[in-house]
Amino acid sequence: MTMRFVRSLAFSLGILSAASLDACKKPDPADTLSSVSSELATATIAAEAWVLHRTPNAFTRNELHDARMSVAQQQKTLFTEAVPPVDTTKLRLTLDHAKNVIATLEGLIAKQDAKSFPSVLTLLEQDAKDVKDMSDSLDPSK
Amino acid sequence: MKKIFQLALGIVTSIGGFLEIGSVTTAAQGGASFGYQLLWAIALGTLCVIFLVEMAGRLSAVSKHTIVAAMRDRFGFRFYFIVLVLMAGVSYLVLAAELGGVALALQMSTGLGFPWWVIPVVLVTWLLLWKATFSVIENGSSLLGLMTVAFAVAAWKLHPHWSQVATGLIPTRPDAHAANYWFIAVSILGASISPYLMYFYSAGAVEEEWDETYIGINRVIAGGGMFFGGFLSAAVLIVAANILGPRGVDVDSFQQVALMMTIPLPNWGFELFVAGMAVACLGAALEITLAISYLFAQGLGWNWSENASPAREARFCALYTVLLALAAIPLLLGTDPVKITVLSMALTAAVLPATIIPFLVLMNDRAYVGDHPNGIISNTVVVVIMVMSFVLAIVAIPLQYFGS
């Protein structure tokens, strides 16, 4: 009985240590930047699909909103815990710009303004490309 | 004539029932992150599941036992209990993931957050289990799941370089991101070699009163259906490799997979994905709920037929009712179904030996399979793929979660 208790305790402690280790793990700059780049790419595909009438309004707006929130959240990590070895001033400006552009696109969807949409979308495509280039520069496989 | 019809239906439903949130998510992740390089994992997983499903049908046709009942009979209660705990734990996560997949599909079509859909989805699943017969559940959801053939059409329309696709069938080491590569490989294997599929198939063979004359039909259904199902998984990977990979999208949501379908199939891609996934995940949720309930009922000697009225099998029905309620909890708390999916698929690979080794022993025991035991090829293929999946899981899961 005692042995069984000790074994259960050791198992629980193992799980707790593993969870703590995971929580303490420092975020990797390249992974974080890659994740931000992925969010912007997803937002771009969603916006491109909407303007071609391939996705519903609510879905696209949600996707853009989620991408913007995720970029904002990961931006904090990028400039504090996981600073990537790239031009951080340019990165900060690009991400701030991209978030504003996404917010504008969300507004245009709400207003059903498909006419102004393509020109704003072009700005997002450029931001997404710039961030992807920075992310790729940190990836040894690319 | 009846058997020809059963054969055709069996193949078609195996194809339609193959894809679900696990296979779609893991294949899309593999394609987006590593191009065609992980196609080998789908090929190996499919090969293994073809053998396992064929064995499950053969065991039930010859012995008239389900896998669980035979396992309990052959190895005793203690061993059965270990398998029960492992399988029920992992399958519970898979069930939550599948219910989440239906809720996510509804979120995509309506814009209303997936937690709002969890209770309606659980109620519909429960109602279907309560009211429908086994064949309605199996054939209905799988026939509607044929919408997932859209992935094959999408892959074809993208005109991939078939020589590069073929190269992906040969296992290779990645140039970078090794931990992530092996973790996705394990998840793909776990998504393909789902033990619940064997339990469900074996119970189905008993429900439909198969005998030894079904051995040939069983072989064709398992081989043909699972092969084309694996082909659909490969199609998901090919589409992701062509659409998401070049744009730098790492798949971490179901919505990204829906978006990728809008490019090769501009008019109906989104709708087909949403409808196909809602049906496929609902079908998988029904099958897993039944598989877990069979696991308990067949091992503990309860009444368990899905074709009987709930009044005649109260414990069986009470069990799936409680299971569905429990599976809803993490989703109601807002846990991302895709995160549950990825973890559950990798854990499935890790627990494979506990379920497959005793099954292999049964398949070589003439007391159960009479004159139809396994040959050397089926034993070898299953053991090699199972050991590989297990070793990869043991190495890749800690690497992925705790860093290399």
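The structure displayed is predicted, hence computed values, not measured ones. (Residues numbered from 1 in each chain as written. Chains lettered and ligands numbered in written order. Predicted model: local features only at pLDDT ≥ 70, side-chain atom pairs only at ≥ 80, totals over all residues. Heavy atoms only, no water.)

Engineer: How would you summarise the overall build of chain A if you had to cite specific residues and measurements?
Structural biologist: Across its full length, chain A carries five helices and zero strands. When the elements of chain A are put in sequence order from the N terminus, they spell out α-α-α-α-α. The burial tally for chain A puts 43% of its 142 residues in the buried class. Accessible surface, chain A: about 7800 Å² in total, of which carbon and sulfur atoms supply 59%. (Helix = DSSP H or I, 4+ residues; strand = E, 2+ residues; numbered from the N terminus. Buried < 20%, exposed > 50% of the residue type's maximum accessible area, 1.4 Å probe, protein only. Areas by Shrake-Rupley, 256 points an atom, 1.4 Å probe, with all protein chains shown as cover.)

Engineer: Kindly report on the overall build of chain B, identifying the contributing residues and their values.
Structural biologist: Within chain B one finds 18 helices and zero strands. Over its C-alpha atoms chain B spans a radius of gyration of 20 Å, differing by no more than 12% from the 22 Å that the globule rule assigns to 404 residues. Overall, chain B is about 55 × 50 × 45 Å in size when its C-alpha atoms are taken along their principal axes. Contacts in chain B between residues far apart in sequence, at least 24 positions, make up 85% of those at least 6 positions apart. When the accessible area of chain B is evaluated, it comes to approximately 15000 Å², of which 70% is carbon and sulfur surface. When the 16 basic and 20 acidic side-chain charges of chain B are each reduced to a single mean position, those positions are 4 Å apart. (Rg over C-alpha atoms; globule rule 2.2 N^0.38 Å. Contact = heavy atoms within 4.5 Å. Lys, Arg positive; Asp, Glu negative; His and termini not counted. Charge placed at Lys NZ, Arg CZ, Asp CG, Glu CD.)

Engineer: Account for the pattern of salt bridges, with residues named and values stated.
Structural biologist: In the structure shown here, the tally under the stated rule is nine salt bridges over all chains. Among the ionic pairs, Arg-247 of chain B bridges to Glu-48 of chain A, the shortest N-O distance being 2.9 Å. One end of the pair, Arg-247 of chain B, is in the loop between helix H12 (215-243) and helix H13 (254-261); the other, Glu-48 of chain A, is in helix H2 (residues 29-51), on a second chain. The buried category is assigned to Glu-48 of chain A, whose relative accessible area is 19%. Here the salt bridges do not stand alone but share partners, grouping Glu-54, Arg-58 and Arg-219 of chain B into one network. (Salt bridge = Lys/Arg side-chain N within 4 Å of Asp/Glu carboxyl O.)

Engineer: So, the interface of chain A and chain B: which residues are in play, and what are the values?
Structural biologist: Interface size is commonly expressed as the accessible surface area that is lost when the partners come together. The partner chain B presents 24 residues to the 26 residues of chain A that form the contact. Summing both partners gives a buried area of about 2100 Å² for chain A against chain B, and 58% of it is carried by carbon and sulfur. For chain A, the biggest contributors to the area lost against chain B are Ile-45, Arg-54 and Phe-59 of chain A; these three give 30% of the whole. Our count for the chain A to chain B interface comes out at seven residue pairs in polar contact (both at pLDDT 80 or more). Take the side of chain A that touches chain B: its biggest share by element is 11 residues, from H2 of chain A. (Buried area = accessible area lost by both parts, 1.4 Å probe. Polar contact = N/O pair within 3.5 Å; in protein donor to acceptor, adjacent residues only side chain to side chain.)

Engineer: Tell me about unusual backbone geometry, and name the residues and values.
Structural biologist: All names here are of chain B. Even without glycine at this site, His-159 takes up a positive phi of about 45°. Here His-159 lies in the loop between helix H8 (150-157) and helix H9 (162-167). Taking the relative accessible area as the measure of exposure, His-159 reaches 62% and is therefore exposed. Although it is not a glycine, Glu-209 adopts a positive phi angle of roughly 55°.

Engineer: Can you break down the nonpolar core residue by residue, with the values?
Structural biologist: Residue and element names in this part refer to chain B. Counting 159 residues, the largest nonpolar core has Phe-151, Phe-254, Met-260 and Phe-273 as the members making the most contacts within it. A total of 18 residues in this core trace back to one element, the largest contributor, which is helix H14 (residues 269-300). Those residues within four positions of Phe-273 in sequence are excluded, and the remaining contacts are Val-24, Met-108, Phe-151, Phe-254, Val-257, Ala-258 and Met-261. (Core = buried A, V, L, I, M, F, W, Y, C linked by side-chain atoms within 4.5 Å.)

Engineer: Could you give an account of the confidence of the model for chain B, with specific residues and numbers?
Structural biologist: Taken over all residues, the pLDDT of chain B has a mean of 88, while the share at 70 or more is 95%. ipTM for the predicted complex: 0.83, alongside a pTM of 0.88. (pLDDT = per-residue confidence, 0-100.)

Engineer: Please set out the environment of Leu-319 of chain B residue by residue, giving values where relevant.
Structural biologist: You can see Leu-319 of chain B is positioned in helix H15 (residues 314-332). Once residues within four sequence positions are removed from consideration, Leu-319 of chain B is found in contact with Ile-292, Ser-293, Phe-296 and Trp-302 of chain B.

Engineer: Talk me through the packing of aromatic side chains; I want residue IDs and the actual numbers.
Structural biologist: Taken as a whole, this structure holds 17 aromatic pairs over all chains when the rule is applied. In this structure, Arg-92 of chain A packs its charged tip against the face of Phe-79 of chain A, placed 4.2 Å from the ring centre. (Phe/Tyr/Trp six-rings, centres within 6.5 Å; stacked < 30°, edge-to-face > 60°. Lys NZ or Arg CZ within 6 Å of the ring centre and 35° of its normal.)

Engineer: Could you give me a rundown of the packing of helix H5 (residues 77-110) of chain B against helix H16 (residues 337-363) of chain B, with the residues and numbers involved?
Structural biologist: Residue and element names in this part refer to chain B. At a minimum axis separation of 9 Å, H5 and H16 run at an interaxial angle of 155°. Considering the angle they form, H5 stands roughly antiparallel to H16. Of the two possible hands of crossing, H5 and H16 adopt the one that is left-handed. Residue-level inspection shows Phe-79, Val-83, Leu-86, Met-87, Val-90, Leu-93, Val-94, Ala-96, Ala-97, Gly-100, Gly-101 and Leu-104 of H5 in contact with H16, the latter providing Pro-337, Val-338, Ile-340, Thr-341, Ser-344, Met-345, Leu-347, Thr-348, Val-351, Ala-354, Thr-355 and Pro-358. Looking at the contact of H5 with H16 residue by residue, the class counts come to 18 nonpolar, six polar and no charged. (Axes fitted to C-alpha atoms, helices over the stretch in contact; angles between N-to-C directions. Parallel < 35°, antiparallel > 145°, perpendicular 65-115°, else oblique. Left-handed = near helix turned anticlockwise from the far one by under 90°. Nonpolar A, V, L, I, M, F, W, Y, C, P; charged D, E, K, R; others polar.)

Engineer: Mind laying out a nonpolar patch on the surface, listing which residues take part and the relevant values?
Structural biologist: Residue and element names in this part refer to chain B. A cluster of nonpolar side chains, contributed by Val-383, Val-387, Phe-390, Val-391, Ile-394, Val-395 and Leu-399, occupies part of the molecular surface with about 520 Å² of accessible area. Considering the arrangement of structural elements, one finds Ile-394 in helix H18 (residues 376-402). We classify Ile-394 as partly exposed; its relative accessible area is 47%. (Patch = residues over 30% accessible without salt bridge, like charges linked within 9 Å, V, L, I, M, F, W, Y side chains within 5 Å.)

Engineer: Explain the environment of Gly-204 of chain B to me, and be specific about the residues and the numbers.
Structural biologist: Tracing the sequence through the fold places Gly-204 of chain B in helix H11 (residues 195-207). The spacing of Gly-204 of chain B and Ser-135 of chain B is 69 residues in sequence and 8.4 Å in space, taken between C-alpha atoms.

Engineer: Lay out H12 of chain B with the relevant residues and their values.
Structural biologist: In a regular helix each residue adds 1.5 Å, so 29 residues correspond to 42 Å; H12 of chain B covers 42 Å between its end C-alpha atoms and thus fits that length. Among the 29 residues of H12 of chain B, 21 are classified as buried, and the element is accordingly described as predominantly covered. (Expected span 1.5 Å × (residues − 1).)

Engineer: Would you mind going over the confidence of the model for chain A in detail, with residue names and values included?
Structural biologist: For chain A, per-residue confidence averages 85 on the pLDDT scale, and 82% of positions sit at 70 or higher. Predicted confidence is poor over residues 11-16 of chain A, with pLDDT under 50, and the contacts of this stretch with residues over four places away or in other chains come to zero contacts.

Engineer: Which residues make up the side chain of Ser-344 of chain B, and what values do they have?
Structural biologist: Inspection of the secondary structure assignment puts Ser-344 of chain B in helix H16. Judged by its relative accessible area of 0%, Ser-344 of chain B falls in the buried class.

Engineer: Any details on the packing of helix H3 (residues 39-63) of chain B against H16 of chain B? Residues and values, ideally.
Structural biologist: All names here are of chain B. Two numbers describe how H3 lies on H16: the axes approach to 11 Å, and their chain directions differ by 50°. Considered as vectors, H3 and H16 are oriented oblique to each other. In the crossing of H3 with H16, the sense of the turn from one axis to the other is left-handed. In this structure, H3 uses Leu-52, Met-55, Ala-56, Arg-58 and Leu-59 to contact H16, whose residues at the interface are Ile-356, Phe-359, Leu-360, Leu-362 and Met-363. Residues of the contact of H3 with H16, tallied by class, amount to nine nonpolar, no polar and one charged.

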